[in-house]
Amino acid sequence: LSDGRLCYCFFFTMSPFTKLPIVNIKPLLVHGPNLKLASVRQCIESLHTACRDVGFVGITGHNVPRELRRETLEIARHFFALPMHDKNEIALSNFNDCIGYQSFGVNVTQSKRDQHEGLDYYRPTCNTKHAPFNIMGDAWPTFPSAFKSVFHDYIEQCLQFGASVMQGIALSLRLNAEYFSDKCNDSFYVLRILHYPCDDAAGVDAGNNSAFGKLGCGEHRDYGCLTFINCDNTNGCLEIKDEHNVYHTVNVNTVDDDCFVVNLGDMLHVWSGGLYQSTPHRVLPPRVENICAESARFNRQYNANIGRISVPFFYEPNWSTVVKPIPLDMEHHTTHAMEWSETDKIKWKQMQSFRDSCTGVMYGDHLKSKVLSNFYAK
């Protein structure tokens, strides 16, 4: 729709979900978009199938340093273990309710307060066209002292990773590898750093408060382009929903397995004309017995009560990019090295009504329509 809102199609998958598909993206990074190489073709075909059928994929071979990803999780533990007074020095309310720290229950999904606390950071901007995200001031913690520099390095790595994945997705849609380059080369990214406490560690009786939901984060689709999830090894939290409204747990040790959990958002659902999934998912509060070894060790050492740590990075289109369905041609032979399958053609036909109803949206308008209603009003 042209006013910043998007319609949604009926959620549909071609095959039942059994486990997260894993794609090694290294051949694309090493050889570039050379589809004459079997390793590159296999990478792109596997990515295509995962995007079409699941909307979630584990990506290995990504070149984002393992130690940097591990460091983001550890430094987040130190921040969230601080007293509330210290964390509130960079509260969202000091920065247009857009960036900085949000306490437990401030984030809202489907009108219910979520059981997590977090930090949010958008691409820095002073452009008044980006209001209300054109924020002056520094919303980064002063402790731990390396917090800002570590996450700046991480952001740069994720931006490079995002550009590479979008090359792969362009190829998987039988487009030129650089199709999305001018649409995402100034990505209006979002970095979220999240803590999901367990056993009401936040000191809020969420279970007996009707304003709270029962989830760490309620069911939702991501509204952007790509989400890269770097999380600890706390199991039994992230769940995705299939076409039968059945939830399936996604357990991946993103650091030890050197694997990002990547999911697609609304923008790629639209760009692909409904061929690719923007899959509903949710996060359950962690159970004490499932807390990862690193958090358990941290809690013993610092007498803390840290639960699950997750650092999702949202690789988004440029603010002014207009996103609308790409007119993919599945009926005629093309010069592209890969042909469409019968499964592709069936789903493409099934999504015709979605394409007919979707006139496109400027990403900045879409972002505002989602974010500005996402926080709890006290």
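Cut-offs applied
Residues numbered from 1 in each chain as written. Predicted model: local features only at pLDDT ≥ 70, side-chain atom pairs only at ≥ 80, totals over all residues. Heavy atoms only, no water. Salt bridge = Lys/Arg side-chain N within 4 Å of Asp/Glu carboxyl O. Helix = DSSP H or I, 4+ residues; strand = E, 2+ residues; numbered from the N terminus. Buried < 20%, exposed > 50% of the residue type's maximum accessible area, 1.4 Å probe, protein only. Pairing = 2+ DSSP bridges.

Caption draft 1: Up close: the pattern of salt bridges. Counted by the stated rule, this structure contains 17 salt bridges. The closest approach of N and O atoms between Glu74 and Arg77, which form a salt bridge, is 2.8 Å. Placement of the pair is Glu74 and Arg77 together in helix 3 (residues 66-80), with a separation of 3 residues, close to one helical turn. When its relative accessible area of 30% is taken as the criterion, Glu74 is described as partly exposed. Arg77 sits in the buried class, given a relative accessible area of 2%.

Caption draft 2: Examining the pairing of strand 6 (residues 117-122) more closely. Across the 6 residues of strand 6, 6 count as buried, placing the element largely inside the fold. The two faces of strand 6 match: Glu117, Leu119 and Tyr121 on one face and Gly118, Asp120 and Tyr122 on the other face are all buried. When strand 3 (residues 100-102) meets strand 6, the two strands line up antiparallel, connected through 3 bridges. The partner of Gln102 across the bridge, within strand 6, is Gly118. Here strand 6 pairs with strand 7 (residues 190-196) via 6 bridges, running antiparallel. Across the sheet, residue Asp120 finds its bridge partner in strand 7, namely Arg192.

Geometric values such as these leave the question of function open.
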